[in-house]
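# Structural overview for review
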Amino acid sequence: MKILMVGSGGREHALIKKLLESEKVDEVICAPGNGGIACDARCFNVNVMDIDGMIKLAQDENVDIAFVAPDDPLAAGMVDAFEKAGIRAFGPRANAAVIESSKVFSKNLMKDFGIPTAKYEVFDKSEEAIAYIRNENKYPTVVKADGLALGKGVIIANDFNEAEQAVKSIMEDKVFSEAGNRIVVEEFLTGPEVSVLAFVDGKTVCPMVSSMDHKRALDNDKGLNTGGMGTISPNPYYSEEDAKVCMETIFLPTVAAMNKLGRSFKGCLYFGLMLTPDGPKVIEYNSRFGDPETQVVLPRLKTPLVDIVEAVIDEKLDELNIEWYDTPAACVVMASGGYPEKYDKGIEIFGLDEKGQVEGATVYHAGTKLEDGKFLTNGGRVLGITATAETLKKALENAYTAVKKINFDKAHYRTDIGSKKF
Ligand code: AMP
Ligand code: GLY
């Protein structure tokens with residue numbers, strides 16, 4: 001079997017490595033890929049948003065399955081286009097990917113179907129949003145751009161001025177362009193955050209092992225929101241009881257709701273949850289594997305990933321018993337100095353080795369390129385170093401040992417992944 005992976009990050013690198021573990025998979029190719037992915041898969045220079053280009057590549061290379069990993073091409077209908085061209089594809093169609101690409105859609109879905117989430121209002125005029133915030137007078141309050149904004153479209157405002165500024169920058173200055181035509185203003189929730197990714201084939205939901213992301217750039221959850229600076233799995237706060245409650249009040253109702261709306265979801269559905277004092281609530285949905293959640297969840301998967309991918313496409317998940325390893329995993333992201341704001345690219349990376357020179361470690365490439373035999377930085381998040389071990393403590397120790405063997409100028413990583421106590 002030959003598989004095309006669409007994307008270029010650490011998530012895609014982890015997906016590719018996992019797919020290649022199966023004997024059934026002869027080859028994975030990737031577009032556009034990155035420096036590290038190029039060591040595992042032939043890479044092609046096709047932009048992730050170039051739908052026609054991807055279809056041509058899939059046809060030229062005669063692939064059996066196309067796997068669309070990032071949010072933007074899913075929202076733009078790349079899976080629909082593959083299907084139309086007669087190519088089997090993993091990922092939701094555009095009408096289901098909207099669960100991530102429009103926060104207004106997802107909030108209304110949750111309200112209409114009684115799925116627990118933060119209370120909210122939607123606005124398409126900034127003055128009305130500002131008047132509402134003034135009247136509510138509750139802080140912190142949360143202001144979210146409706147559309148996709150590279151994970152930066154959420155602002156937690158601690159007072160009226162910050163909230164007003166957030167509304168104006170999104171709706172008037174259009175810092176996230178079209179994504180800010182509408183906003184959601186919602187209640188601030190508290191509690192541990194949990195990421196649960198689930199395989200969904202339109203009927204059956206199979207939650208994967210849980211994980212915890214670390215979204216802020218700096219230690220102790222300081223600094224700006226990023227795509228994610230590190231992850232651990234399992235999430236120590238997510239009990240079996242929570243998992244049961246989530247299945248009944250969130251996972252199954254969400255899939256049923258999408259079906260009722262004629263937007264059947266097939267692919268990986270990501271539930272961003274908060275364990276609040278009133279029970280688990282949805283913070284956000286993503287229509288894809290999370291990054292860097294994938295880098296700690298997939299190493300724990302025992303069942304061949306390709307079998308699950310096929311079961312999702314063929315709507316046969318109910319026939320599969322998906323198994324996991326008990327061993328915990330931790331991932332530490334090494335980022336370019338300055339990320340998520342301005343940072344340099346093209347800096348040489350030293351000490352790289354696929355196995356991180358440490359037992360049980362794997363180095364996933366995110367923003368790298370390979371030039372003249374040298375690995376250079378090529379993005380904000382550069383590498384994700386994952387380790388699995390008998391205990392989470394050991395996994396973290398091993399991940400950090402591997403991180404310390406790698407260096408590049410202005411490299412930045414958090415030193416407190418997995419150490420938060422509530
Ligand atoms: P999102 O992109 O919707 O996941 O939001 C990014 C981050 O903002 C989340 O991971 C939370 O840490 C935080 N956040 C979003 N919505 C809320 C909320 N209603 N209450 C508290 N924190 C929130
Ligand atoms: N790590 C969060 C995300 O993938 O959106």
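Residues numbered from 1 in each chain as written. Chains lettered and ligands numbered in written order. Predicted model: local features only at pLDDT ≥ 70, side-chain atom pairs only at ≥ 80, totals over all residues. Heavy atoms only, no water.

With that settled, consider helix α7 (residues 126-136). The α-helix advances 3.6 residues per turn, and as a result positions three or four apart in sequence lie on the same side. All of the buried residues along α7 are Ser126, Ala129, Ile130 and Ile133. Taken end-on, α7 shows its buried residues confined to a sector of 95 degrees, consistent with a single buried face. Away from its buried face by more than 90 degrees, α7 exposes Glu127 and Asn135. Contacts from the buried residues of α7 go to β6 (120-123), β7 (141-145), α8 (160-171) and β9 (183-187). (Buried < 20%, exposed > 50% of the residue type's maximum accessible area, 1.4 Å probe, protein only. Helix = DSSP H or I, 4+ residues; strand = E, 2+ residues; numbered from the N terminus. Arc of directions from axis to C-beta. Contact = heavy atoms within 4.5 Å.)

On to a negative patch on the surface. Among the surface-exposed residues, Glu127, Glu128, Glu172 and Asp173 lie close enough to one another that they form a single negatively charged patch. Along the chain, Glu172 turns up in the loop between α8 and β9. (Patch = residues over 30% accessible without salt bridge, like charges linked within 9 Å, V, L, I, M, F, W, Y side chains within 5 Å. Areas by Shrake-Rupley, 256 points an atom, 1.4 Å probe, with all protein chains shown as cover. Salt bridge = Lys/Arg side-chain N within 4 Å of Asp/Glu carboxyl O. Lys, Arg positive; Asp, Glu negative; His and termini not counted. Charge placed at Lys NZ, Arg CZ, Asp CG, Glu CD.)

Tallied over the entire structure, the rule returns 9 aromatic pairs. Ring centres 4.5 Å apart and planes at 25 degrees place the aromatic pair Phe67 and Phe90 in the stacked group. Here the residue Phe67 occupies a position in strand β4 (residues 65-68), and Phe90 occupies one in strand β5 (residues 88-90), the gap between them amounting to 23 residues. The pair formed by Phe67 and Phe90 is uniform in burial state, with each residue classed as buried. Considering the side-chain rings of Phe67 and Phe289, the 6.1 Å spacing of their centres and the 40 degrees angle between planes classify their relative orientation as tilted. One end of the pair, Phe67, is in strand β4; the other, Phe289, is in the loop between β17 (279-286) and α10 (294-297), with 222 residues separating them in the sequence. According to the relative accessible area criterion, Phe67 is buried, its value standing at 1%. Using a relative accessible area of 2% as the deciding quantity, one classes Phe289 as buried. (Phe/Tyr/Trp six-rings, centres within 6.5 Å; stacked < 30°, edge-to-face > 60°.)

With that out of the way, let us pick up the site of ligand 1. Close to ligand 1 lie 15 residues, the nearest being Glu186, Glu187, Leu189, Glu193 and Glu284. Take Lys144: an N or O atom from its side chain is 3.1 Å from a nitrogen atom of ligand 1. Contact distances for ligand 1 include 2.8 Å between a nitrogen atom and a backbone N or O atom of Leu189. Isolated, ligand 1 exposes 470 Å² of accessible area, and the fraction of that covered by the protein chains is 92%. Partitioning the shell around ligand 1 into residue classes produces 8 nonpolar, no polar and 7 charged. (Near = heavy atom within 4 Å. Polar contact = N/O pair within 3.5 Å; in protein donor to acceptor, adjacent residues only side chain to side chain. Nonpolar A, V, L, I, M, F, W, Y, C, P; charged D, E, K, R; others polar.)

Helix α6 (residues 103-112) packs onto helix α5 (residues 94-101) with a crossing angle of 90 degrees between their chain directions and a minimal axis gap of 6 Å. Classed by the angle they form, the pair α5 and α6 counts as roughly perpendicular. For the pair formed by α5 and α6, the contact residues are Val98, Ile99 and Ser101 on the first element and Lys103, Phe105, Ser106 and Leu109 on the second. (Axes fitted to C-alpha atoms, helices over the stretch in contact; angles between N-to-C directions. Parallel < 35°, antiparallel > 145°, perpendicular 65-115°, else oblique.)

The next thing to look at is the site of ligand 2. Around ligand 2, the surrounding shell consists of Asp213, Gly227, Tyr270, Asn286, Arg288, Gly290, Asp291, Pro292 and Glu293. Interatomic distance of 2.9 Å between a backbone N/O atom of Asp291 and a nitrogen atom of ligand 2. Surface burial for ligand 2 is 90%, taken as the share of its 200 Å² of free accessible area covered by protein chains. Residues belonging to the shell around ligand 2 are distributed by class as follows: 2 nonpolar, 3 polar and 4 charged.

Strand order in the open sheet made by the 4 strands is β11-β10-β16-β17, with antiparallel pairing throughout. Of all strands in the sheet, those bounded by a partner on one side alone are β11 (205-207) and β17. Within the sheet, the average angular offset between the axes of one strand and its neighbour, ignoring direction, is 35 degrees. Across 9 bridges, strand β10 (residues 193-201) lies against strand β16 (residues 266-276) in antiparallel orientation. Across the sheet, residue Val194 finds its bridge partner in β16, namely Leu273. Along the sheet, helix α9 (residues 240-260) makes contact with β10, β11, β16 and β17, crossing β16 at roughly 130 degrees. (Pairing = 2+ DSSP bridges.)

Another aspect to go through is the pairing of strand β1 (residues 2-7). A regular strand carries its side chains on alternate faces of the sheet. With 6 of 6 residues buried, β1 is to be regarded as a mostly interior element. Of the two faces of β1, the one holding Lys2, Leu4 and Val6 and the one holding Ile3, Met5 and Gly7 are both buried throughout. Of the strand pairs in this sheet, β1 and strand β2 (residues 27-32) are connected by 6 bridges, and their pairing is parallel. Residue pairing across strands places Met5 opposite Cys30, the latter belonging to β2. Handedness of the β-α-β unit built from β1, helix α1 (residues 10-20) and β2 comes out right-handed. In terms of strand pairing, β1 meets β4 through 4 bridges, oriented parallel. When the bridges of β4 are listed, Ile3 appears paired with Ile65. (Right-handed = clockwise from strand over helix to strand, strands pointing away.)

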